[in-house]
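Architecture and fold: a report
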Amino acid sequence: MISGKTRLIGHLGFPTESFKAPLIYNPYFERDGIDAVVVPMGSRSEDYPDFLRLFFRLSNAHGALITMPHKVVTTGLVDDLMPTAAIAGACNAVRREADGKLTGEMFDGEGFVRGVLRKGRQVAGTRALVVGAGGVGSAIAASLAKAGVAELGLFDMDAGAAEALGERLTRYYSALAVSTGSNDPAGFDIVVNATPLGMKPGDPLPLDIERLPSTAFVGEVVMAQTITPFLAAAQQRGCQVQVGTDMLFEQIPAYLEFFGLPTTTADDLRAVARLG
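Residues numbered from 1 in each chain as written. Predicted model: local features only at pLDDT ≥ 70, side-chain atom pairs only at ≥ 80, totals over all residues. Heavy atoms only, no water.

**Quick look at the sheet that holds strand E4 (residues 80-81)**
- If you trace the six strands from one edge of the open sheet to the other, you get E2-E1-E3-E5-E6-E4, paired in mixed fashion. The strands lining the two open edges of the sheet, one partner per strand, are strand E2 (36-42) and E4.
- Sheet contacts for helix H2 (residues 48-55): strand E1 (7-13), E2 and strand E3 (61-66); angle to E1, the most-contacted strand, approximately 175°. (Pairing = 2+ DSSP bridges. Helix = DSSP H or I, 4+ residues; strand = E, 2+ residues; numbered from the N terminus. Contact = heavy atoms within 4.5 Å. Axes fitted to C-alpha atoms, helices over the stretch in contact; angles between N-to-C directions.)

**Quick look at the packing of aromatic side chains**
- In the structure shown here, the tally under the stated rule is eight aromatic pairs.
- Look at Tyr28 and Phe29: their rings are 5.9 Å apart centre to centre, the planes differ by 45°, and that puts the pair in the tilted class.
- Given the relative accessible area of 1%, Tyr28 is considered buried.
- We classify Phe29 as buried; its relative accessible area is 2%.
- Feature note: the residues Tyr25, Tyr28, Phe29, Phe107, Tyr255, Phe258 and Phe259 constitute an aromatic cluster, connected by ring pairs.
- Arg127 extends its terminal NZ or CZ atom over the ring of Phe188, reaching a point 4.5 Å from the ring centre. (Phe/Tyr/Trp six-rings, centres within 6.5 Å; stacked < 30°, edge-to-face > 60°. Buried < 20%, exposed > 50% of the residue type's maximum accessible area, 1.4 Å probe, protein only. Lys NZ or Arg CZ within 6 Å of the ring centre and 35° of its normal.)

**A closer look at the pattern of salt bridges**
- Per the counting criterion, the structure on display carries 15 salt bridges.
- Across the pair Arg127 and Glu151 runs a salt bridge, and its minimum N-O distance is 2.8 Å. With a gap of 24 residues between them, Arg127 in strand E7 (residues 127-131) and Glu151 in strand E8 (residues 151-155) connect regions that are remote in the sequence.
- The class for Arg127 is partly exposed, based on a relative accessible area of 28%.
- The shortest N-O distance in the salt bridge between Arg211 and Asp184 comes to 2.8 Å. Of this pair, Arg211 sits in the loop between strand E10 (190-193) and strand E11 (217-220) while Asp184 sits in the loop between strand E9 (177-180) and E10, and the two are 27 residues apart along the sequence. (Salt bridge = Lys/Arg side-chain N within 4 Å of Asp/Glu carboxyl O.)

**So, helix H9 (residues 244-258)**
- Here H9 spans 22 Å end to end across 15 residues, near enough to the 21 Å set by a 1.5 Å rise per residue.
- Where burial is concerned, most of H9 is hidden: 12 out of the 15 residues are buried.
- Gly244, Asp246, Met247, Phe249, Glu250, Gln251, Ile252, Pro253, Ala254, Tyr255, Leu256 and Phe258 are the residues of H9 that are buried.
- Once H9 ends, the next one or two residues include Gly260, with phi positive near 70°. (Expected span 1.5 Å × (residues − 1).)

**Structural notes on unusual backbone geometry**
- For the peptide bond that leads from Phe14 to Pro15, omega is -5°, which places it in the cis range.
- With respect to the helices and strands, Pro15 occurs in the loop between E1 and helix H1 (21-32).
- Residue Pro69 follows Met68 across a cis peptide bond; omega there is 5°.
- With respect to the secondary-structure elements, Pro69 resides in the loop between E3 and helix H3 (71-74).

**Overview of the packing of helix H5 (residues 108-118) against H9**
- Remark: H5 packs on H9, axes separated minimally by 7 Å, with the N-to-C direction vectors making an angle of 105°. On the basis of their axis angle, the class for H5 and H9 is roughly perpendicular. Contact with H5, carried on its side by Asp108, Glu110, Gly111, Phe112, Arg114, Gly115 and Arg118, involves Asp246, Met247, Glu250, Gln251, Pro253, Ala254 and Glu257 of H9 and no other residues of that element.
- Within the contact of H5 with H9, the residues separate by chemical class into four nonpolar, three polar and seven charged. (Parallel < 35°, antiparallel > 145°, perpendicular 65-115°, else oblique. Nonpolar A, V, L, I, M, F, W, Y, C, P; charged D, E, K, R; others polar.)

**Regarding the packing of H5 against helix H6 (residues 135-146)**
- At a minimum axis separation of 7 Å, H5 and H6 run at an interaxial angle of 55°. Judged by the angle between their axes, H5 and H6 are oblique. Crossing handedness for the pair H5 and H6: right-handed. Between H5, through Asp108, Gly109, Glu110, Phe112 and Val113, and H6, the contact on the second element is made entirely by Ala139, Ile140, Ser143 and Leu144.
- Partitioning the contact of H5 with H6 into residue classes produces five nonpolar, two polar and two charged. (Left-handed = near helix turned anticlockwise from the far one by under 90°.)

Written out as structure tokens, the structure is:
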């Protein structure tokens with residue numbers, strides 16, 4: 001039941017037809033009696049900077065979920081940008097503080113890390129390889145650094161993108177050992193495919209699977225299918241894996257905490273979601 005007291009969370013992006021967040025958050029809010037609602041709001045790129053500011057002038061605007069194509073531009077529209085968002089160069093959540101200022105954060109990588117931890121694996125002190133230094137790869141690398149990995153290997157076909165990400169990481173985490181230029185997974189504890197490889201039939205694997213340690217935890221961001229060819233190959237080598245959709249559900253509890261709302265678990269959200 002929406003009332004005059006309902007807290008409004010805008011889901012800002014364009015187009016809105018594929019938005020899944022309202023089908024996850026709103027059933028959870030309804031079941032637990034949380035007086036909040038997530039509403040899709042289609043804002044074109046040329047309107048977005050003005051619209052974001054206007055949205056937060058609403059007295060009942062509680063926060064915003066930011067999706068494509070606005071994640072990058074949002075970093076320059078908020079008053080305070082959290083380190084993870086600054087490193088990722090993208091922002092997918094904004095909240096209004098008591099003084100009216102806007103704080104921006106990025107949770108794509110947080111969802112990945114929470115998934116690793118919930119599966120009983122350690123992150124702090126480990127060696128992690130992230131293949132792909134685009135938006136999602138940068139976010140995962142930033143969250144792995146925040147979680148305390150000892151070393152990060154970064155690889156991208158655009159070598160400059162990996163090097164720039166490494167520079168941003170060491171700016172915030174000076175003790176972190178960063179290497180770039182190789183996608184060889186040998187010796188790594190956590191290995192992540194943060195490239196689009198696996199979305200299309202016949203795509204090559206993102207790395208030499210024969211070099212992948214059987215003890216490695218292997219993660220995927222591609223959601224086109226649950227078990228991608230990369231994850232299937234990793235499982236054949238005996239690796240524990242994490243599917244792409246885990247990152248989506250695991251980040252929602254972090255969003256809820258960021259917005260100061262009652263939180264829950266990823267499994268609970270999967271159970272209550274009305275995704276069809």
